[in-house]
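Okay, here's what each chain looks like letter by letter:
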Amino acid sequence: MKLLFVSLGCDKNLVDSEYMIGMLTSHGIELTDDETEADIIIVCCFIGDAKEESINTILEMAEQKKTGCCKSLIVTGCLTQRYQDEVKKEIPEVDAILGTNSYDNIVSAVKEVMAGKHYTNL
């Protein structure tokens, strides 16, 4: 399984992203930097100045579920923690939402969404 991980925003997002990437690669998931090759895409979002960029990136990656080989889209970070209901309602392509305190559950989230289920853990 190939994973594209997009990290936006603050330094904390970068640290959290590296933590989640480490957990996922230790479970045999391969990283890619090409969204057209990704089976799963994770976007770690930020509120502050990058809110619009975060939303646009999620929408762009959601297109990969329609046109690419992406099977699942997971969003994480403070944007999804704060605006979870809006994300669920406005971007139905999102399969899982993880809040800022649930990064330890990223492997479970990937397993759930790859099994065709939705996952939320805040």
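Here's a quick rundown of the structure.

Cut-off values and rules
- Residues numbered from 1 in each chain as written.
- Predicted model: local features only at pLDDT ≥ 70, side-chain atom pairs only at ≥ 80, totals over all residues.
- Heavy atoms only, no water.
- Helix = DSSP H or I, 4+ residues; strand = E, 2+ residues; numbered from the N terminus.
- Buried < 20%, exposed > 50% of the residue type's maximum accessible area, 1.4 Å probe, protein only.
- Contact = heavy atoms within 4.5 Å.
- Areas by Shrake-Rupley, 256 points an atom, 1.4 Å probe, with all protein chains shown as cover.
- Lys, Arg positive; Asp, Glu negative; His and termini not counted.
- Charge placed at Lys NZ, Arg CZ, Asp CG, Glu CD.
- Salt bridge = Lys/Arg side-chain N within 4 Å of Asp/Glu carboxyl O.
- Pairing = 2+ DSSP bridges.
- Axes fitted to C-alpha atoms, helices over the stretch in contact; angles between N-to-C directions.
- Right-handed = clockwise from strand over helix to strand, strands pointing away.

### Quick notes on the overall build of the chain
Here is step 1 of the chain: Looking only at helices and strands, the chain features five helices and six strands.
Here is step 2 of the chain: Along the first, second and third principal axes, the C-alpha atoms of the chain reach 30 × 30 × 25 Å.
Here is step 3 of the chain: The proportion of buried residues among the 122 residues of the chain is 45%.
Here is step 4 of the chain: Put simply, 65% of the contacts in the chain that link residues at least 6 apart link residues at least 24 apart.
Here is step 5 of the chain: For the chain, the computed accessible surface area is about 6200 Å², with 48% contributed by carbon and sulfur atoms.
Here is step 6 of the chain: For the chain, the separation between the mean place of its 11 positive charges and that of its 21 negative charges on side chains is 8 Å.

### A word on the pattern of salt bridges
Here is step 1 of the chain: Overall, the coordinates contain six salt bridges when judged by the stated rule.
Here is step 2 of the chain: Taking the shortest distance from any N to any O, the salt bridge between Lys2 and Glu37 comes out at 3.5 Å. Taken together, the residues Lys2 in strand 1 (residues 2–7) and Glu37 in the loop between strand 2 (30–31) and strand 3 (40–45) connect sequence positions 35 residues apart.
Here is step 3 of the chain: You can call Lys2 partly exposed: its relative accessible area is 26%.
Here is step 4 of the chain: The exposure class of Glu37 is partly exposed, given its relative accessible area of 34%.
Here is step 5 of the chain: Through salt bridges that share partners, Glu63, Lys66 and Glu93 make up one connected network.

### Some words on the sheet that holds strand 4 (residues 72–77)
Here is step 1 of the chain: Taken in spatial order, the six strands line up as 2-1-3-4-5-6 in an open sheet, and their pairing is parallel. One side of each edge strand has no neighbouring strand; the edge strands of this open sheet are strand 2 and strand 6 (119–121).
Here is step 2 of the chain: As paired strands, strand 3 and strand 4 are joined by six bridges and run parallel to one another. Within strand 4, the residue paired with Ile40 across the bridge is Ser72.
Here is step 3 of the chain: The strands that helix 1 (residues 11–25) touches are strand 1, strand 2, strand 3 and strand 4; relative to strand 1, the one it contacts most, it runs at about 170°.
Here is step 4 of the chain: Relative to strand 4, helix 5 (residues 106–114) is tilted by about 155°, and along the sheet it contacts strand 3, strand 4, strand 5 (96–98) and strand 6.

### Some details on the pairing of strand 4
Here is step 1 of the chain: Counting buried positions along strand 4 yields six of six residues, so the element is predominantly enclosed.
Here is step 2 of the chain: The side-chain alternation of strand 4 yields two buried faces, one formed by Ser72, Ile74 and Thr76 and the other by Leu73, Val75 and Gly77.
Here is step 3 of the chain: A crossover links strand 3 with its parallel partner strand 4, the connecting element being helix 2 (residues 51–67), and its sense is right-handed.
Here is step 4 of the chain: By the bridge criterion, three bridges tie strand 4 to strand 5 in an arrangement that is parallel. Each residue of the ladder has a partner; that of Ile74, found in strand 5, is Ala96.

### A look at the environment of Tyr19
Here is step 1 of the chain: Assignment of secondary structure puts Tyr19 in helix 1.
Here is step 2 of the chain: Not counting residues up to four positions away in its chain, the partners in contact with Tyr19 are Tyr103 and Asp104.

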